[in-house]
Amino acid sequence: DAGVIQSPRHEVTEMGQEVTLRCKPISGHDYLFWYRQTMMRGLELLIYFNNNVPIDDSGMPEDRFSAKMPNASFSTLKIQPSEPRDSAVYFCASSPLRGRAYEQFFGPGTRLTVL
Amino acid sequence: QQQVKQSPQSLIVQKGGIPIINCAYENTAFDYFPWYQQFPGKGPALLIAIRPDVSEKKEGRFTISFNKSAKQFSLHIMDSQPGDSATYFCAASSHGSGNTGKLIFGQGTTLQVKP
């Protein structure tokens, strides 16, 4: 398997623009997580899905952030409008439901810079 | 109560030394304690994990020591190598009824192993 795939790997945008980050989880994994990583705040869980259904979005910083998972193989995290303080590395991770269910497999991340 | 506190923030050791990273938690419902390793430009990857029914787990040069009564756990890296230079995150989660294993991460420790 190719692992968790994220795109784009780098995104530079201007304040006020819409940003869409994409994630393809590992096939067969039932959980999908979106994280944000910054030097100041470390790794923060933003939202996670189980079988395409959002379970906990309490980490989403504000209404400018939204996430969807239209099917088992694709998820998006959207920021509209973007602000400089959204600059961070965003990770997507997936996890299987059974077996080694607790291990989360992280993608390579998307480095977002908002000017 | 959902926090996991990690220390030190950074650590420098000589090759062959034994760096020790410590974590503490409050939530007694946590029942799974993984450590993740992150290299620059990469996503975190599971290194080793322990459950509270054992006090120690070894995998190669990596050992987790777990003290349930003190609510603390630590990572020891035996015979550390320059290739171990990375950021290490401890984490905790609970998998009781209604819980789905959301990971709570510590702040991370940047380890540098000097040749």
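Residues numbered from 1 in each chain as written. Chains lettered and ligands numbered in written order. Predicted model: local features only at pLDDT ≥ 70, side-chain atom pairs only at ≥ 80, totals over all residues. Heavy atoms only, no water.

Asks: What's the story with the sheet that holds strand β1 (residues 5-7) of chain A in this structure? I'm lost.
Replies: Two strands in a sheet stick together by hydrogen bonds in their backbones, pointing the same way (parallel) or opposite ways (antiparallel). All names here are of chain A. With respect to topology, 4 strands assemble into an open sheet ordered β1-β3-β8-β7, the strand pairing being antiparallel. Two strands bound the open sheet, and with one partner strand each, they are β1 and β7 (65-71). Across the sheet, the mean angle separating the axes of adjacent strands is 15° when strand polarity is ignored. Of the pairings in the sheet, the one linking β1 to strand β3 (residues 19-24) comprises 3 bridges and is antiparallel in character. For S7, the partnering residue across the bridge sits in β3 and is R22. (Pairing = 2+ DSSP bridges. Helix = DSSP H or I, 4+ residues; strand = E, 2+ residues; numbered from the N terminus. Axes fitted to C-alpha atoms, helices over the stretch in contact; angles between N-to-C directions.)

Asks: Any chance you could explain the layout of surface pockets here in plain terms?
Replies: To find the voids left in a structure, one rolls a probe of water-molecule size over its atoms. In this model, the largest pocket occupies a volume close to 710 Å³. Surrounding the largest pocket, 29 residues form its lining, A:Q37, A:T38, A:M39, B:Q38 and B:T87 being those nearest its centre. Every element with two or more residues in the lining of the largest pocket is listed here: β4 (31-38) and β9 (88-95) of chain A together with β9 (86-92) and β11 (109-114) of chain B. Split into classes, the residues belonging to the lining of the largest pocket amount to 11 nonpolar, 15 polar and 3 charged. Taken together, 18 residues make up the lining of the second largest pocket; nearest its centre are A:L43, A:E44, A:L45, B:I104 and B:F105. Contributing elements (two or more residues each) for the lining of the second largest pocket: β5 (42-50) of chain A together with β1 (4-7) and β10 (104-105) of chain B. With 5 residues, β5(A) is the largest single contributor of residues to the lining of the second largest pocket. Across the lining of the second largest pocket, the residue classes break down as 8 nonpolar, 5 polar and 5 charged. (1 Å grid on protein atoms, 1.4 Å probe; cavity = no way out; pocket = protein on both sides within 12 Å on 5 of 7 lines; lining within 4 Å. Points joined across faces, edges and corners; volume = space filled by probe spheres on them. Nonpolar A, V, L, I, M, F, W, Y, C, P; charged D, E, K, R; others polar.)

Asks: It is not clear to me how the interface of chain A and chain B should be interpreted in this structure. Could you clarify?
Replies: Bring the parts together and some accessible area is lost; that lost area is often taken as the interface size. With 20 residues of chain A at the contact, the number on the chain B side is 17 residues. Carbon and sulfur atoms supply 55% of the area buried between chain A and chain B, which totals about 1500 Å² over both sides. Contact with chain B buries surface across chain A, with A:L43, A:Y102 and A:F106 losing the most and accounting together for 39% of the total. Seen at the junction of chain A and chain B, the total is 1 salt bridge. Measuring nitrogen to oxygen at the nearest pair gives 2.7 Å for the salt bridge that ties B:K102 to A:D56. Taken together, chain A and chain B are joined by 3 residue pairs in polar contact (both at pLDDT 80 or more). Those elements that place two or more of their residues in the side of chain A that touches chain B are β4 and β5 of chain A. Take the side of chain A that touches chain B: its biggest share by element is 4 residues, from β5(A). For the side of chain A that touches chain B, the per-class residue count stands at 10 nonpolar, 5 polar and 5 charged. (Contact = heavy atoms within 4.5 Å. Buried area = accessible area lost by both parts, 1.4 Å probe. Salt bridge = Lys/Arg side-chain N within 4 Å of Asp/Glu carboxyl O. Polar contact = N/O pair within 3.5 Å; in protein donor to acceptor, adjacent residues only side chain to side chain.)

Asks: Explanation requested: the sheet that holds strand β7 (residues 62-67) of chain B in the structure shown.
Replies: Residue and element names in this part refer to chain B. What the 5 strands build is an open sheet, ordered β1-β3-β8-β7-β6; its pairing is antiparallel. The open sheet terminates on both sides in strands that have one partner only, identified here as β1 and β6 (56-59). Ignoring which end each strand starts from, the neighbouring axes of this sheet average 15° apart. Bridging between β7 and strand β8 (residues 72-77) involves 6 bridges; their strand directions are antiparallel. Paired with I64 across the strands is L75, a residue of β8.

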